[in-house]
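Given next are the chains, with one letter for each unit.
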Amino acid sequence: MAGLMLQGTGSDVGKSVLVAGLCRAAANRGLTVLPFKPQNMSNNAAVTPEGGEIGRAQALQAIAARAPLHVDMNPVLLKPQADRTSQLIVHGQVRGTLGAANFREARRPLLGEVLESYRRLEARCDLVLVEGAGSPAEINLRSGDIANMGFARAAGVPVVLTGDIDRGGVIAAVVGTRAVIDPEDAAMIHGFIINKFRGDPALFTDGYEAIERLSGWRGFGVLPWEPAVAQLPSEDAVILERGLGAKPGKLLVACPILPRIANFDDLDPLRQESGVDVAMIPPGTPIPAEAALIVLPGSKATIADMAFLRTQGWDIDVLAHHRRGGAVLGICGGYQMLGRNIADPHGIEGPPGEVAGLGLLDVTTVLAGRKTLQQVEGTAMDAPFTGYEMHMGVTEGPDATRPFARLAQGRADGAIGRDGRTFGTYCHGLLAKPGLRSALLARIGAQSDGFDNDARVDAALDALAEAMERHLDIDGLLALAGVTL
């Protein structure tokens, strides 16, 4: 019954990656380990074998632990679909919508369900590694908290605090956390890790000792910046790299950054191709005319994002690109945007309404019915692929009679335009394997390196685990968790 929770001094300090690395390090030591995050907020999600959804970070951590995905790994998932509204996912299924006004009160009753999930995981393994959310120093959110200290104290799980030295101010961030949180919360924290260090760690010796002295917590090590992390999928859209043009000798793939962009890790395999540059186009910037392929990504609010696309003038850019003979790929919400019309009569993703699409595919979409959550495999462009579906709505029309993919589940998926260079699909993750990615790149005049992206991610997890074994006190962390060494 061993457990350990990593919390952070803020968002994007590396909690998700560190939990993944610890999962792999523990698994490499022969332990049965499972990841857990009580509450996540992200539009990047993954589908579990039983047909539920969890945060993409927990999916990566499960891969690191060499364990099948399960909804208990992330029992509460909030998916933002407007500035003050999020879809509430509990144990993998949609339970409703939360607004800013009712968020605090609505989450309080969920602690019991969170603890049930944790106890089920605990009974199945040697060690549960828990990821916090944001920071426990956000004391304005402490009442009713289920993501950080509210969970840690209810479950009796010891905590280690993560600080990001790369962003600066890490001494104040760690010591300041100790200063502002409740003493009983502080008693749950048993140490800290300094993450993302660049340069000679000896230069931080005095700072490290100052944190130990001022906080009263022991240090578990300083982890240098690990290049292998670049091979791992990012969870949050706020850290999307932005680029505006291709380097010499490379073909450009352009993807507009929509306000509610979802599952943008679909593009990760293309980022790793040596002959391709992937440019994430920020608002206020036109889509470059030299793009060989435009990808319209998934969206948590398709109608709202379609309207935003028009306000940016990106619709004009996409249509001009198409007239010049360029290829366009729409994935999930992006597929819906390629059609003639998108209707949301019941207000599933926002206020009821409808909007005209780009009209590059002769299909229409109605957002209605049960959410499709399914792992899939099939063939597209004469190449096999695996992936998952995660969408609301039904898309139909003449171009759907030319499906993008044939699924092993016995049905067709997506559509191909009459021109043969406009593609729409509901399948996420389809570019991870080399076959389909090679076929798609061949359509735009690029040659694939032929790698398996899943294998690259796995190798990166091993490299991360090895770095953590060298630089962190893994024995001490496992002992704190209650693992018998």
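Just above sits the structure.
A quick note: this is a predicted structure, and the numbers were derived from the prediction, not measured.

(A) Region of the structure containing the sheet that holds strand β24 (residues 394-396). In space, the 4 strands of this open sheet follow the order β20-β19-β21-β24, with mixed pairing throughout. Each edge of the open sheet is held by one strand with a lone partner, namely β20 (353-356) and β24. When the angles between neighbouring strand axes are averaged without regard to direction, this sheet yields 15°. When strand β21 (residues 364-366) meets β24, the two strands line up antiparallel, connected through 3 bridges. The residue bridging Val 366 from the neighbouring strand is Val 394, located in β24. Running over the sheet, helix α10 (residues 302-311) touches β19 (341-344) and β20 and is turned about 40° from β20.

(B) Spatial organisation of the nonpolar core. Ranked by size, the top nonpolar core spans 82 residues in total, and within it Leu 127, Phe 151, Ile 194 and Phe 204 carry the most contacts. The element best represented in this core is helix α1 (residues 15-28), accounting for 7 residues. Filtering out sequence-adjacent residues up to four positions away, Phe 151 remains in contact with Met 5, Phe 36, Pro 38, Leu 111, Val 114, Leu 115, Tyr 118, Val 130, Asp 145, Ile 146 and Val 157. Membership of the second largest hydrophobic core comes to 62 residues, among which are Ile 287, Ile 303, Leu 361 and Tyr 426.

(C) Up close: the sheet that holds strand β15 (residues 276-281). The strand order β15-β13-β16-β18-β28-β27 describes an open sheet built from 6 strands, whose pairing is mixed. Strand pairing shows two members of the sheet lacking a second neighbour, β15 and β27 (415-416), which therefore form its edges. By the bridge criterion, 2 bridges tie strand β13 (residues 251-256) to strand β16 (residues 293-296) in an arrangement that is parallel. Opposite Val 253, over in β16, you have Leu 293 as the bridge partner.

(D) Seen up close, the packing of α1 against helix α14 (residues 453-471). Following both chains from N to C, one finds α1 and α14 inclined at 85°, their axes separated by 8 Å at the closest point. Looking at the two axes, α1 sits roughly perpendicular to α14. Contacts between α1 and α14 pair Val 17, Leu 18, Ala 20, Gly 21, Leu 22, Arg 24, Ala 25 and Asn 28 from the former with Asp 458, Leu 461, Asp 462, Leu 464, Ala 465, Met 468 and Glu 469 from the latter. Tallied by class, the residues present in the contact of α1 with α14 amount to 9 nonpolar, 2 polar and 4 charged.

(E) Layout of empty space enclosed by the protein. One pass over the structure, following the stated rule, counts 2 cavities of 30 Å³ or more. A volume near 190 Å³ is recorded for the largest cavity. Along its surface, the largest cavity is lined by 18 residues, and Ser 299, Cys 332, Glu 349, Met 390 and His 391 are the ones closest to its centre. Going through the elements one at a time, β17 (298-299), α12 (333-338) and β23 (383-391) are the ones with two or more residues in the lining of the largest cavity. Residues of the lining of the largest cavity, tallied by class, amount to 5 nonpolar, 9 polar and 4 charged. Computed from the structure, the second largest cavity encloses a volume of approximately 60 Å³. In terms of lining residues, the second largest cavity is bounded by Leu 4, Leu 22, Ala 25, Ala 26, Arg 29, Leu 127, Leu 129, Ile 474, Leu 477 and Leu 478. For the lining of the second largest cavity, the secondary-structure elements that each account for two or more residues are α1, β9 (127-131) and α15 (474-481). Grouping the amino acids of the lining of the second largest cavity by side-chain chemistry returns 9 nonpolar, no polar and 1 charged.

(F) Main features of the packing of aromatic side chains. Here the structure, examined in full by the defined rule, presents 8 aromatic pairs. Both rings, one in Phe 197 and one in Phe 204, keep their centres 6.2 Å apart while their planes meet at 45°; by these two values the pair is tilted. Each member of the pair, Phe 197 as well as Phe 204, is classed as buried. Judged by centre distance (6.1 Å) and plane angle (65°), the rings of Phe 404 and Phe 423 are edge-to-face. Of this pair, Phe 404 sits in the loop between β24 and β25 (405-407) while Phe 423 sits in strand β28 (residues 422-425), and the two are 19 residues apart along the sequence.

The rules we used
- Residues numbered from 1 in each chain as written.
- Predicted model: local features only at pLDDT ≥ 70, side-chain atom pairs only at ≥ 80, totals over all residues.
- Heavy atoms only, no water.
- Pairing = 2+ DSSP bridges.
- Helix = DSSP H or I, 4+ residues; strand = E, 2+ residues; numbered from the N terminus.
- Axes fitted to C-alpha atoms, helices over the stretch in contact; angles between N-to-C directions.
- Contact = heavy atoms within 4.5 Å.
- Core = buried A, V, L, I, M, F, W, Y, C linked by side-chain atoms within 4.5 Å.
- Buried < 20%, exposed > 50% of the residue type's maximum accessible area, 1.4 Å probe, protein only.
- Parallel < 35°, antiparallel > 145°, perpendicular 65-115°, else oblique.
- Nonpolar A, V, L, I, M, F, W, Y, C, P; charged D, E, K, R; others polar.
- 1 Å grid on protein atoms, 1.4 Å probe; cavity = no way out; pocket = protein on both sides within 12 Å on 5 of 7 lines; lining within 4 Å.
- Points joined across faces, edges and corners; volume = space filled by probe spheres on them.
- Phe/Tyr/Trp six-rings, centres within 6.5 Å; stacked < 30°, edge-to-face > 60°.

Remember that the coordinates give geometry; whether it matters functionally is a separate question.
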